[in-house]
Amino acid sequence: MPAGDLFASGGAMGRAMAGLDWASTTLGPVERWSPTLRTLVGLCLTSQAPTMVVWGPEHIQLYNDALAQMIGPKHPGALGRPYAETFAEIWDDLQGPLLRKVYEDGESVYVEDSPVFFHRRVPNEEMFWTFSWSPVRDDEGQIAGAFHPAADVTGRVVLERRLRLLRDLASSAGQATTVQDCLERAALVLSAAPEDVPFCAFYVPEIGHEAGVPTAAHLAAACGIRMPAAVLPVEVDLVPSSFSRWPLTAAAETGEAQVVDDLDLSGVEFDGAAWPETPSAAVVLPIARPDRPAPAALLVAGVSPRRAVDAEHLDFLRLLAGQLATALSTARLFENQHRVALTLQRSMLPQSGGVFGLDVAARYLPGSTEVEVGGDWYDVINLPAGRTAVVIGDVMGRGVRAAAVMGQLRAAVRAYSQMDLSPERVLDLLDRLVEEMSTGATVGQIVTCIYAVYDSAEQSLVLANAGHPPAVRLSADGDVTSMDGPVGPPLGVGVHDYQSETLPFADGDGLLLYTDGLVEARGESLDRGLDRLLHAVGQVNDGDLERVADAALTARASQRRTDDIAVLAVRVPTSSDDRVRGHLVELRGVPRAARVARRAVDRMLTAWGLPEPFVKSAVLVAAELVTNAVTHTPGPRQLRLRLLPDRVVVEVTDADERPPRRLSADVGAEGGRGLTIVSALASDWGVRPLGSGKVVWAELAVDLP
């Protein structure tokens, strides 16, 4: 067959072969080619699939138009040249061993989706080929060459890899409930895909005074670069006049991807790099929703040094940014709603400060990052006459109803506490209130609660428990014990049977209250959780309440929490003033008790350095309270005088349980003015029932020097 006929139907490669001086190659003139080689070349040139024939011991290459496109700039230099010379990058590790096997053993080889790296559009471009080598024998039956059909499957393999990456990204980032968590999750997923994203950085814009206009951005998360701050600025101005090596401003303003193809990252250390070459290009994209004017974030995505920045690559990055935009939108929604819910929850908890007679430390942890609020609450309430109420409660369930019940109970406790009721009586009233709130409801509401009152004068604590986990006593000597006093039924059951216990509560003594989320865990007994709490708190019970509260939180079960946790710790300061406990005067059976009271008050307040006009008013108030007890009860028992930071408290104890009544006395009447005088001189007064009798108290405000 004449040479012209052999190459006539071979298209551009046929013309190239016809014009090549084959005599200068080891194959020799075309006229001398064996019939087998001629046949193979003819098949190769007419095939629509990328095909190559190598012939002779030097593996001289002959190929068609389709394969010429596959090898890019290797053509036309590869034609008529040895394979090992043209494809030196893949000869030693890939094609050389395969061809030796074909030539020496006479076996065909088939390779599917094999990574292939040689200089095509970029140095060592990452490609994937499916190909085979089949031995070809000459007229004498010796293996003289190989037939090499091939297919470039890079698009399919890379697409599948990127789809897996996008799937993993959606799965991880889609679970985030904050913007920061979403971006950190995204960076973690991308760190496992260095072939497609050798490094990345996420910037979150900060909106300026003009609505919707980002003025700056901060680095929120990054991956791939060992020391991101050395390459990626932590803060970036987004005003148009600012300059940055990363075109974040242009991406934010235009909403379009910005390509940086002249990066100099020499000397930068990369984590988990897929290739030894350093990336020299990156793409900056806005992560934005079409209905929002400003991007939610900006993505800096490094480009693999072994891949070109082509339309396919940009489409992939846009898909990635779009997926993140959806995840960020969901995360921001959760974040905003959770912030509102948590603000609502915390608004129902007491603010620190302003508590008399006790040091306080508190902690609150929501049970999850979801929007629903819980029903845990605590409070510390200043009571009249220098006493303090401490309460913690837990409304069963979650959501708006639980939060609403919690808010009503907290308000009710504050109201009942100002009535000077005993702890067991307060729980009884709360029980009736919960019953009333449950009327008509499909499911009754159940609430647990502890209410306690600290009396700084008596140095005592009176506590009542309605089905709540036991309080923990923090003794001044460092002991930590669970309180095993009487426990009544939860509120809402309707039993109305609550009892209180009284225990000494002197300088340095403390109390730890908590909700059941701290000690309860699925598959674990309550005693196990309580033992864990006692051990954790016992390690730090040295007087620092903040450490105690923090240690209590470490006692919670390690498994994922679903219940809220509230912790409240109180302690009597060790440096309490003796005047707070006050001066006690026994009046039982004392003739002329009012005179004794006047003299005692005058002497003590003068010794405390109070001004004379104030002393006279306090003397008159004390005399009227004692006179009232003498007139209307079996007689006064005690007079207590106390100096608090901003007031003086006068207390008179008697044996009559009936509360005094303020009478309307006529101008000419000789009696009935006692409580009227007390009301005029005192800033507040009231009655506190005792087991047998009562305490009538009055407070007089004073500015201490």
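Up top you'll find the structure we're talking about.
Residues numbered from 1 in each chain as written. Predicted model: local features only at pLDDT ≥ 70, side-chain atom pairs only at ≥ 80, totals over all residues. Heavy atoms only, no water.

The next thing to look at is helix H13 (residues 526–538). The end-to-end C-alpha distance of H13, which contains 13 residues, comes to 18 Å, matching closely the 18 Å that a straight helix rising 1.5 Å per residue would cover. Inspection of H13 places Gly529, Leu530, Leu533, Leu534, Ala536 and Val537 among the buried residues, and these make up the whole buried set. All buried residues of H13 project into a common sector of 165° when viewed along the axis, lining one side. Residues Asp527, Arg528 and His535 are exposed on H13 and point more than 90 degrees away from its buried face. (Helix = DSSP H or I, 4+ residues; strand = E, 2+ residues; numbered from the N terminus. Expected span 1.5 Å × (residues − 1). Buried < 20%, exposed > 50% of the residue type's maximum accessible area, 1.4 Å probe, protein only. Arc of directions from axis to C-beta.)

Next up on the list: a positive patch on the surface. Taken together, the side chains of Arg592, Arg595, Arg598 and Arg599 define a basic patch exposed on the protein surface. Along the chain, Arg599 turns up in helix H16 (residues 593–607). (Patch = residues over 30% accessible without salt bridge, like charges linked within 9 Å, V, L, I, M, F, W, Y side chains within 5 Å. Areas by Shrake-Rupley, 256 points an atom, 1.4 Å probe, with all protein chains shown as cover. Salt bridge = Lys/Arg side-chain N within 4 Å of Asp/Glu carboxyl O. Lys, Arg positive; Asp, Glu negative; His and termini not counted. Charge placed at Lys NZ, Arg CZ, Asp CG, Glu CD.)

Before going further, it helps to examine the sheet that holds strand S3 (residues 109–118). In spatial order, the strands read S2-S1-S5-S4-S3; together these 5 strands make up an open sheet with antiparallel pairing. Only two strands of the sheet have a single neighbouring strand rather than two, namely strand S2 (60–63) and S3. This sheet shows a mean twist of 30° between the axes of neighbouring strands, independent of strand direction. Docked against the sheet, helix H6 (residues 88–105) engages strand S1 (51–55), S3, strand S4 (125–137) and strand S5 (143–152), running at close to 155° with respect to S3. (Pairing = 2+ DSSP bridges. Axes fitted to C-alpha atoms, helices over the stretch in contact; angles between N-to-C directions. Contact = heavy atoms within 4.5 Å.)

Moving on to the pairing of S3. Bridging between S3 and S4 involves 8 bridges; their strand directions are antiparallel. Residue pairing for S4: Tyr110 is matched across the bridge by Ser132. Between S3 and S4, which pair antiparallel one after the other, the connecting turn spans 6 residues, and Asn124 there sits at a positive phi close to 50°.

Taken in spatial order, the 5 strands of this open sheet run S12-S22-S21-S17-S18, and their pairing is antiparallel. If you trace the sheet from one side to the other, it starts and ends with strand S12 (359–365) and strand S18 (480–482), each paired once. Recorded for the sheet is a direction-independent mean angle of 15° between the axes of neighbouring strands. With 3 bridges joining them, strand S17 (residues 472–474) and S18 adopt antiparallel strand pairing. Residue pairing in the sheet places Leu474 in a bridge with Val480 of S18. Packed onto the sheet, H13 meets S17, S18 and strand S21 (510–514) and runs at close to 160° relative to S18.

Here the amide bond leading from His75 into Pro76 is cis, since omega sits at 10°, within 30 degrees of zero. Relative to the helices and strands, Pro76 resides in the loop between helix H4 (65–71) and helix H5 (83–86). Of note, His59 is a non-glycine position whose phi angle comes to about 60°, a positive value. Relative to the assigned elements, His59 resides in the loop between S1 and S2. Looking at His59, the relative accessible area reads 12%, which means it is buried. Of note, the phi angle at Gln459 is positive, near 50°, even though the residue is not glycine. On the secondary structure map, Gln459 appears in the loop between strand S15 (447–455) and strand S16 (460–466). Overall, Gln459 belongs to the partly exposed group, its relative accessible area being 21%.

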